[in-house]
Amino acid sequence: MSEGSSAGGRGRDPRTAERRERRVEDGLAELDQWLRDQVAHGLARAERAPYRLWDDASRRLVDASAGSLAAQVRALAGVPRRAGWPDRLLAEYALLRLLVRAYQGREALPPRLREVVRARIGFAMPQDEVLARGERVRDAWCVIGSRDATLDQLTTRRVWLRGEASGRSALVLSFAARGRPLDASLAVGTAVDATLAFYPDGLRALVAERSERPAARGTPSGTSVRAMLDEHAAALADDPWLDRWPAVLAGVRPGRDKRGDLHVLDTSGEALPLRTSDPWPLLAVSGGGPVTLSGEWTPEGLHPLALWHPEEGVVLL
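Keep in mind it's a predicted model, so treat the numbers as computed, not measured.

*Asks:* So what exactly am I meant to see when it comes to the overall build of the protein here?
*Replies:* Across its full length, the protein holds 8 helices and 12 strands. The C-alpha atoms of the protein give a radius of gyration of 21 Å, which matches the 20 Å a tight globule of 317 residues would have. The 317 residues of the protein split such that 45% are buried. For the protein, contacts bridging at least 24 residues in sequence account for 62% of all contacts bridging at least 6. When the accessible surface of the protein is split by element, carbon and sulfur atoms take 51% of a total near 16,100 Å². Charged side chains of the protein number 45 positive and 43 negative; the gap between the two group centres comes to 3 Å.

This is the structure we're talking about:
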């Protein structure tokens, strides 16, 4: 099952859509008050709070038909268990309130940002609408990384693509019930000749057409650390709630600094912190030499997905 199978209330009975809009508006008003209360009472109590604090708020959003927003709230339960959590939690609360206010003032937003806000709330655009109206880009798409995540009984696969000619990044999502197989048609380390149809956020996409030629293998074109951060900054301007960005870094060397923290360093001396539970495959394969590395750039650092070595080829991390 791939993303976008729900119509999210558009293209159906107008009365049903109107009722859902009212439920969402009521749910967001309640969330807005909840966020105010968390800040007013102080963040210190969050460190000792049970998961129920966020689960209850999340369930109310599910009842309000704001499923995507509910998942974001529920994920906050793990923040106070991390280093530097007060700053991170306050930033997450601020982003949630920004989303609430953006939805409340959605009629004044530019069309693309309005669609981003709706999607972040939980209004999913159906696949047939994306395929019919979405921006189409044909390219040789390098599959630069893949990661699975399971929440409750649903497993989500994120597959990241990078266009060889366009330099465009794309995210293809697929879903399956726990224990069921996921779509494996996009293998990391291959390049496929395909046309993608993009959702309004300009990042998520569906494979609209695909060449029957076998997928090629090769090393994707990478950038410097500075160029990747510039790309990320531009993406944040379009979607302030973007929580991860695909990175492909060329000629970088992984290693540890004087404190023992793992970083990746490019030829200009720019560095990024690496976040991985098992750094040894990365360190062993690279051997301290330059590699092309892909990963997900997040507020916590770069989570490596794959590397390309002149002799080893692609190695999944």
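Right, picking up where we left off after that structure.
*Asks:* In this structure, what is going on with the sheet that holds strand 8 (residues 262-265)? I would like to understand it.
*Replies:* Strand pairing in a sheet is mediated by backbone hydrogen bonds. Such pairs are either parallel or antiparallel. Spatially, 6 strands are ordered 9-8-7-10-11-12 in an open sheet, and the strand pairing comes out antiparallel. The sheet terminates laterally at strand 9 (271-273) and strand 12 (313-316), the two strands that pair on one side only. Between one strand and the next, the sheet's axes are offset by a mean angle of 45°, whatever the strand orientation. As paired strands, strand 7 (residues 245-256) and strand 10 (residues 291-298) are joined by 6 bridges and run antiparallel to one another. Within strand 10, the residue paired with Val248 across the bridge is Ser294. Sheet strands touched by helix 7 (residues 225-238): strand 7, strand 9 and strand 10. Its angle to strand 7, the strand with the most contacts, is close to 150°.

*Asks:* I'm lost on the nonpolar core in this one. Help?
*Replies:* A general tendency of soluble globular proteins is for nonpolar side chains to be buried together. Counting 46 residues, the largest nonpolar core has Trp141, Leu161, Leu249, Val264, Leu293 and Leu302 as its most contacted members. Other than its neighbours up to four places away in sequence, Trp141 contacts Leu161, Arg162, Gly163, Ser166, Arg168, Ala170, Thr190, Ala191, Val192, Ala194, Leu196 and Phe198. Core analysis: the second largest hydrophobic core is formed by 33 residues, Leu53, Leu76, Val116 and Val117 among them.

*Asks:* Explanation requested: the pairing of strand 4 (residues 190-198) in the structure shown.
*Replies:* Remark: a regular strand shows side chains that alternate across the two faces of the sheet. A large share of strand 4 lies buried, amounting to 9 of its 9 residues. Of the two faces of strand 4, the one lined by Thr190, Val192, Ala194, Leu196 and Phe198 and the one lined by Ala191, Asp193, Thr195 and Ala197 are each fully buried. Pairing of strand 1 (residues 135-151) with strand 4 involves 8 bridges; the strand directions are antiparallel. For Val137, the partnering residue across the bridge sits in strand 4 and is Leu196. Of the strand pairs in this sheet, strand 4 and strand 6 (residues 216-217) are connected by 2 bridges, and their pairing is antiparallel. Within the sheet, the bridge partner assigned to Ala191 lies in strand 6 and is Ala216. Taken together, the 5 bridges between strand 4 and strand 5 (residues 205-210) define a ladder with antiparallel strand orientation. Each residue of the ladder has a partner; that of Ala197, found in strand 5, is Leu206.

*Asks:* Is there a simple way to think about the pattern of salt bridges in this case?
*Replies:* Side-chain pairing between opposite charges can occur once the charged atoms of the two side chains come close. Tallied over the full model, the rule gives 28 salt bridges. As a salt-bridge pair, Asp238 and Arg112 come within 3.8 Å of each other at their nearest N and O atoms. Remark: Arg112 occurs in helix 5 (residues 111-121) and Asp238 occurs in helix 7; sequence separation between them is 126 residues. Through salt bridges that share partners, Arg147, Arg158, Asp243, Arg244 and Glu296 make up one connected network.

*Asks:* I keep staring at unusual backbone geometry and nothing clicks. Help me out?
*Replies:* Leaving glycine out, the prevailing phi sign among residues is negative, and the prevailing peptide bond configuration is trans. If you check the backbone angles, Ser65 has positive phi at about 65° while not being a glycine. Structurally, the position occupied by Ser65 is in the loop between helix 2 (52-63) and helix 3 (67-75).

*Asks:* Explain the side chain of Thr155 here, please?
*Replies:* Tracing the backbone through its elements, the reader meets Thr155 in strand 2 (residues 154-163). Within the structure, Thr155 has its side chain in polar contact with the side chain of Thr150 (distance 3.0 Å). Contact partners of Thr155, with chain neighbours within four places excluded, come to Asp148, Ala149, Thr150, Ser174, Phe175, Ala176, Arg178 and Leu182.

*Asks:* How do you make sense of the environment of Ala94 when you look at a structure like this?
*Replies:* Relative to the helices and strands, Ala94 is located in helix 4 (residues 85-104). The sequence separation of Ala94 and Asp152 amounts to 58 residues, and the corresponding C-alpha distance is 26 Å.

Conventions used here
- Residues numbered from 1 in each chain as written.
- Predicted model: local features only at pLDDT ≥ 70, side-chain atom pairs only at ≥ 80, totals over all residues.
- Heavy atoms only, no water.
- Helix = DSSP H or I, 4+ residues; strand = E, 2+ residues; numbered from the N terminus.
- Rg over C-alpha atoms; globule rule 2.2 N^0.38 Å.
- Buried < 20%, exposed > 50% of the residue type's maximum accessible area, 1.4 Å probe, protein only.
- Contact = heavy atoms within 4.5 Å.
- Areas by Shrake-Rupley, 256 points an atom, 1.4 Å probe, with all protein chains shown as cover.
- Lys, Arg positive; Asp, Glu negative; His and termini not counted.
- Charge placed at Lys NZ, Arg CZ, Asp CG, Glu CD.
- Pairing = 2+ DSSP bridges.
- Axes fitted to C-alpha atoms, helices over the stretch in contact; angles between N-to-C directions.
- Core = buried A, V, L, I, M, F, W, Y, C linked by side-chain atoms within 4.5 Å.
- Salt bridge = Lys/Arg side-chain N within 4 Å of Asp/Glu carboxyl O.
- Polar contact = N/O pair within 3.5 Å; in protein donor to acceptor, adjacent residues only side chain to side chain.

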